[in-house]
Amino acid sequence: MTKPHVLLLGDVLHARAEWEALSDVATLSVCDSSTKEEFIKDLAGKYSDVAAVYHCHMDDAKPGANINQELLEALPPSLKFICHHGAGYDMIDVNACTRKGILVSNTPGAVDDATADVNMFLVLGALREFNLAMTNLRKGNWNAGVPLSHDPEGKVLGILGMGGIGRALKRRAQGFGMITQYHNRKPLSEEMAAGAKYVSFDELLATSDVISMNLPLNAHTRHIINKEAIAKMKDGVIIVNTARGPVIDEQALVDALESGKVRCAGLDVFEAEPKIHPGLLANEKVILLPHVGTATYETRKKMEITVINNIRSAITGAKLLNVVPEQIHFAP
Amino acid sequence: MTVTKPHILLLGEIRHAKAEWEALSDVATLSVCDSANREQFIKDLKGKYSDVVAVYRTFNSVAITGRFDAELLKEFSPSFKYICHNGAGYDQIDVVPCTEQGVHISNCPSTVDDATADVNMFLILGALRNFNEAMVNLRKGNWNVGVPLSNDPDGKVLGILGMGGIGRALKKRAEAFGMTVQYYNRNELSSELAAGAKYVPFDELLATSDVLSLNLPLNPKTRHIINKEAFDKMKDGIVIVNTARGAVMDEAALVDALASGKVKNVGLDVFEAEPKIHPGLVSNEKVILLPHMGTLTYETQKKMEIQVLDNIRAALTTGKLNTIVPEQAGLQ
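- Taking an unreviewed UniProt entry as the reference, chain B is identified by name as D-isomer specific 2-hydroxyacid dehydrogenase belonging to Lipomyces kononenkoae.

- In the nomenclature of an unreviewed UniProt entry, chain A corresponds to D-isomer specific 2-hydroxyacid dehydrogenase from the organism Lipomyces kononenkoae.

## Quick look at the overall build of chain B
Piece 1. Looking only at helices and strands, chain B has 14 helices and 12 strands in total.
Piece 2. Taking 2.2 N^0.38 as the reference for a compact globule, 332 residues should give roughly 20 Å; the C-alpha atoms of chain B span a radius of gyration of 22 Å, in line with that estimate.
Piece 3. Relative to its 332 residues, chain B shows a buried fraction of 56%.
Piece 4. Surface exposure of chain B reaches about 13500 Å², of which carbon and sulfur atoms provide 54%.
Piece 5. On chain B, the mean spot of the 35 positive side-chain charges and the mean spot of the 40 negative ones are 1 Å from each other.

## Remarks on empty space enclosed by the protein
Piece 1. Under the defined criterion, the tally for this structure stands at three cavities of 30 Å³ or more.
Piece 2. Empty space within the largest cavity amounts to approximately 60 Å³.
Piece 3. For the lining of the largest cavity, the per-class residue count stands at 11 nonpolar, no polar and no charged.

## Observations regarding the sheet that holds strand 10 (residues 238-242) of chain B
Residue and element names in this part refer to chain B.
Piece 1. Taken together, the seven strands give an open sheet; going across it, the order is 8-7-6-9-10-11-12, and neighbouring strands pair in parallel fashion. Of all strands in the sheet, those with a lone pairing partner are strand 8 (198-199) and strand 12 (288-289), marking the two edges.
Piece 2. Summarising the sheet, strand 6 (residues 157-161) and strand 9 (residues 211-214) pair through four bridges and their orientation is parallel. Counterpart to L161 in the pairing with strand 9 is L214.

## Some words on the side chain of H183 of chain A
All names here are of chain A.
Piece 1. Position of H183 among the secondary structure elements: in strand 7 (residues 179-183).
Piece 2. Among the polar contacts listed, one links the side chain of H183 to the backbone oxygen of V199, at a separation of 2.8 Å.
Piece 3. Polar side-chain contacts of H183 include one of 3.4 Å to the backbone nitrogen of F201.
Piece 4. Beyond its immediate sequence surroundings of up to four residues, H183 is in contact with I159, L160, G161, M162, Y198, V199, S200, F201 and L204.

## Some words on the nonpolar core
Piece 1. Counting residues in hydrophobic clusters, the biggest one holds 66 residues, and the most contacted among them are F121 of chain A together with F122 of chain B.
Piece 2. Membership of the second largest hydrophobic core comes to 46 residues, among which are M58, A65, C97 and A314 of chain A.

## Let's talk about the interface of chain B and chain A
The figure often quoted for interface size is the accessible area lost as the parts come together.
Piece 1. Listed by partner, the interface residues are 53 residues for chain B and 54 residues for chain A.
Piece 2. Contact between chain B and chain A buries roughly 4600 Å² in total, counting both sides, with carbon and sulfur atoms accounting for 63%.
Piece 3. Among the residues of chain B in contact with chain A, R139, W143 and L149 of chain B are the three that bury the most area, contributing 17% of the side total.
Piece 4. Counting across the interface, chain B meets chain A through three salt bridges.
Piece 5. Residue E298 of chain A pairs with K156 of chain B through a salt bridge whose shortest N-O separation is 2.8 Å.

## Some words on the sheet that holds strand 3 (residues 52-58) of chain B
All names here are of chain B.
Piece 1. Across the sheet, five strands lie side by side as 2-1-3-4-5; this open sheet has parallel pairing. The two strands at the open ends of the sheet, each matched to only one other strand, are strand 2 (29-32) and strand 5 (104-106). Geometrically, the sheet is characterised by an average inter-axis angle of 20 degrees between neighbouring strands, direction not taken into account.
Piece 2. Examined bridge by bridge, strand 4 (residues 82-86) and strand 5 share three bridges and lie parallel to one another.

## Details of the packing of aromatic side chains
Piece 1. Tallied over the full model, the rule gives 15 aromatic pairs over all chains.
Piece 2. Ring centres 5.8 Å apart and planes at 75 degrees place the aromatic pair F270 of chain A and W143 of chain B in the edge-to-face group. Of this pair, F270 of chain A sits in the loop between strand 11 (262-267) and helix 12 (278-281) while W143 of chain B is found in the loop between helix 7 (131-139) and strand 6, placing the two residues in two different chains.
Piece 3. For F270 of chain A, a relative accessible area of 1% corresponds to the buried category.
Piece 4. Assessed through its relative accessible area of 12%, W143 of chain B is described here as buried.
Piece 5. An angle of 20 degrees between the planes, with centres 3.9 Å apart, marks the rings of F76 of chain B and F80 of chain B as stacked. For the pair F76 of chain B and F80 of chain B, one class covers both residues: buried.

## A short note on the pattern of salt bridges
Piece 1. Enumeration according to the criterion identifies 35 salt bridges over all chains in this entry.
Piece 2. With a closest N to O distance of 2.6 Å, E129 of chain A and R263 of chain A form a salt bridge. Taken as a pair, E129 of chain A in the loop between helix 5 (112-127) and helix 6 (130-138) and R263 of chain A in strand 11 lie far apart in primary sequence, 134 residues in all. Neither residue differs from the other here; E129 of chain A and R263 of chain A are each classed as buried.
Piece 3. A salt bridge links K228 of chain B to D232 of chain B; its shortest N-O distance comes to 3.4 Å. Within this pair, K228 of chain B and its partner D232 of chain B are both found in helix 11 (residues 228-233), separated by four residues, close to a single helical turn.
Piece 4. Here K228 of chain B falls in the exposed class, since its relative accessible area comes to 51%.
Piece 5. Salt bridges linked by common partners bring D113, D117 and R172 of chain A together as one network.

## Looking at the side chain of H292 of chain B
Piece 1. With respect to the helices, strands and loops of the structure, H292 of chain B is situated in the loop between strand 12 and helix 14 (298-318).
Piece 2. Of note is the side chain of H292 of chain B, whose polar atom sits 2.6 Å from the side chain of E274 of chain B.
Piece 3. In contact with H292 of chain B, not counting residues within four places along its chain, are W142 and N143 of chain A together with F59, R245, D269, V270 and E274 of chain B.

## Thoughts on the environment of D26 of chain B
All names here are of chain B.
Piece 1. Counting through the fold element by element, D26 comes out in the loop between helix 1 (18-23) and strand 2.
Piece 2. Taking the relative accessible area as the measure of exposure, D26 reaches 48% and is therefore partly exposed.
Piece 3. Sequence separation between D26 and K5 is 21 residues, and the spatial gap between their C-alpha atoms is 8.5 Å.
Piece 4. Those residues within four positions of D26 in sequence are excluded, and the remaining contacts are K5 and R313.

What counts, and at which threshold
- Residues numbered from 1 in each chain as written.
- Chains lettered and ligands numbered in written order.
- Predicted model: local features only at pLDDT ≥ 70, side-chain atom pairs only at ≥ 80, totals over all residues.
- Heavy atoms only, no water.
- Helix = DSSP H or I, 4+ residues; strand = E, 2+ residues; numbered from the N terminus.
- Rg over C-alpha atoms; globule rule 2.2 N^0.38 Å.
- Buried < 20%, exposed > 50% of the residue type's maximum accessible area, 1.4 Å probe, protein only.
- Areas by Shrake-Rupley, 256 points an atom, 1.4 Å probe, with all protein chains shown as cover.
- Lys, Arg positive; Asp, Glu negative; His and termini not counted.
- Charge placed at Lys NZ, Arg CZ, Asp CG, Glu CD.
- 1 Å grid on protein atoms, 1.4 Å probe; cavity = no way out; pocket = protein on both sides within 12 Å on 5 of 7 lines; lining within 4 Å.
- Points joined across faces, edges and corners; volume = space filled by probe spheres on them.
- Nonpolar A, V, L, I, M, F, W, Y, C, P; charged D, E, K, R; others polar.
- Pairing = 2+ DSSP bridges.
- Polar contact = N/O pair within 3.5 Å; in protein donor to acceptor, adjacent residues only side chain to side chain.
- Contact = heavy atoms within 4.5 Å.
- Core = buried A, V, L, I, M, F, W, Y, C linked by side-chain atoms within 4.5 Å.
- Buried area = accessible area lost by both parts, 1.4 Å probe.
- Salt bridge = Lys/Arg side-chain N within 4 Å of Asp/Glu carboxyl O.
- Axes fitted to C-alpha atoms, helices over the stretch in contact; angles between N-to-C directions.
- Phe/Tyr/Trp six-rings, centres within 6.5 Å; stacked < 30°, edge-to-face > 60°.

Okay, here's the thing in structure tokens:
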């Protein structure tokens, strides 16, 4: 009996042995279509029996980068599983997948620590206004003109989205003496909340000294932080984002930084990345990273292994280990 | 007959606890030093400051008075008893001649711990994760192109050289990121204070730590404690962080070790000849450098100023300092 066909869209860089080991249960192909048009042809040709896809977060221009309605119509009927490398999967139209009977997995858990590390670095960098100090030093001005800033100790950290990353952030923030409150789709069990206070969205905005974005990007959360939301925040609030750029209206953030409503920001993601609002680039106080959330050898390998485990489970057991939340009810 | 109140002298500025300084006038006569330089100060010590009993001195006031060495100390009259220093590090003061003259010194332990440990942890993350290279790349308009993967703190061994208040505050933070902590200290800590950190000999700390943090005071014994010989004993690819005093590390040897790759990256808040920085560091985009920001927050600066003022009040009213420096602990 022929082994099921698994297609890699992207690259496996670290867990190559684990990827090759899948050949005991599957035939492995690496997508070599050079354009989107060629990919659609190949889906009707050499990839027409693919059962599962290992899907990477790729540049928009790459074939298969965006799993949208148009691409889904070209996918073969044999394809039942899309196993995504990444926690955020906003480039996959999950509803359209569901309608086609395709289940999607992502890599929660594996990303939590590395992303929370970036997140805490940005919270400290923004509260303490370290970018201005570092820039001043490199210009040869030492700390001349660098103003005093503020300690994290005793400040209220408001976490918007208390999933794995949000909870990992809370553990770190506590080490710095911060008090954590959160807003989430649903309140967490006491055990998982581990002492963090559940508040309404409006209360989170109004009472947090630092607000951290830790929620997925979808139709409900796009621009959830906009001019109206910022107006409800404390004067001098700090905003940090390691989730997805479009959860914040970047123009509104720039305006708020200019007015001083937002004292400082720490960002690892941007609305139209890699393009960044010039108002942010011109601001020496804000601390900006180029989406390096999980960019470590250890974490990328853990993520790859998670995807590979999901594929193995899909091939051998017809189920995914980490089906995305939207599809939990559809999964066997 | 009225008893004259003791004369106390402010060397430097008080920015936040002005009311508390003025309040000392119930037990003392207050003067603010207006000497233009060390030569004038020595003249004034024979004149208007000749009856000074206690001095409040700041780190920056060294620009006027120079170091508190034997030469300066002998210019003070016999009535001079207390140097209350604003700062944890008091290497600007030569302790031995002070002790010989019966002059007692207080510093600011504990009030500096959290803010300094916050900087310390920021630098550990920045150095392990190569964040400076990423931030510079972004600001140049290159997003994360060419920025290599880095390493997670999770599971790495943090070696703390000097397990005082700051070292212990650092341990708390590092553990929230999944690091394992070991330390070397003048004396082994009680198991309560060590709180699970392993005490190791100095050479073992060098040989087995993935990250080495310098948290010890600068004195004749610790100057250049991290030198070429010490680097040779370390793991290949070690990360080093210094928030103590620049001169505990041989800066030229550090630059060599970075160039050879022995040291993978560094995070520094202090430098041997600050504000001058070794050009080999300034030109290195991987290293993460801050201009001695350790305690520069409103909250911590105020706490420190109050700690100095409390030491002065205690000295004048009880004859004992609250936080006499360790070398003089037996004198009270």
